[in-house]
Amino acid sequence: MTMSTWTDERIEELKRLWSESLTGTEIAKRLGLKDRNAVMGKIHRLGLARKNLATEAGAPANDPMPPEPEPLHPILLLKEWSCRFPVGDPLGREFRFCCAKRKAGLPYCEEHARIAYTPVERSVRAMRR
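For clarity, every value in this text was computed on a predicted model and none was experimentally measured. (Residues numbered from 1 in each chain as written. Predicted model: local features only at pLDDT ≥ 70, side-chain atom pairs only at ≥ 80, totals over all residues. Heavy atoms only, no water.)

(A) View of the packing of helix α1 (residues 8-19) against helix α2 (residues 24-31). α2 packs onto α1 with a crossing angle of 145° between their chain directions and a minimal axis gap of 10 Å. α1 and α2 meet at a crossing whose hand is right-handed. Where α1 approaches α2, its residues Arg10, Glu13, Leu14, Leu17 and Trp18 are matched on the opposing element by Ile27, Arg30 and Leu31. (Axes fitted to C-alpha atoms, helices over the stretch in contact; angles between N-to-C directions. Helix = DSSP H or I, 4+ residues; strand = E, 2+ residues; numbered from the N terminus. Left-handed = near helix turned anticlockwise from the far one by under 90°. Contact = heavy atoms within 4.5 Å.)

(B) Just the side chain of Ser82, in detail. Residue position: Ser82 is located in the loop between α4 (53-56) and β1 (86-87). For Ser82, a relative accessible area of 1% puts it in the buried group. A polar atom in the side chain of Ser82 sits 2.9 Å from the backbone nitrogen of Lys79. Discounting residues that sit within four places of it in the chain, Ser82 has contacts with Cys99, Ala100, Arg102 and Pro107. (Buried < 20%, exposed > 50% of the residue type's maximum accessible area, 1.4 Å probe, protein only. Polar contact = N/O pair within 3.5 Å; in protein donor to acceptor, adjacent residues only side chain to side chain.)

Read these as spatial facts, not as claims about activity.
Dropping the structure here:
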């Protein structure tokens, strides 16, 4: 039979230290535990939460709406199947990617693949001129 690490006395000490805003690592050291994992697990199982420090400091409870987050960069909106052909000025606000269904094996849709890739025959003819 294994002995539990968490006696009633240790749980009360854990609660006290947690309410004093000590970190899990600091509590583990004070309780003589190897690492913070046991402390954090027990805190979670006990349903303990920290007090909201902003509320304690006198921050207004009815804050105005938080600022709107920055829009995602267009590259983050691409799907695996999206055409990656850039459209517009990369430094402009309207910059985006085509996002049409791309051609198999290529990063671009059929229309943009024709623009991006020059057939070898046309390239060789152009070099001869």
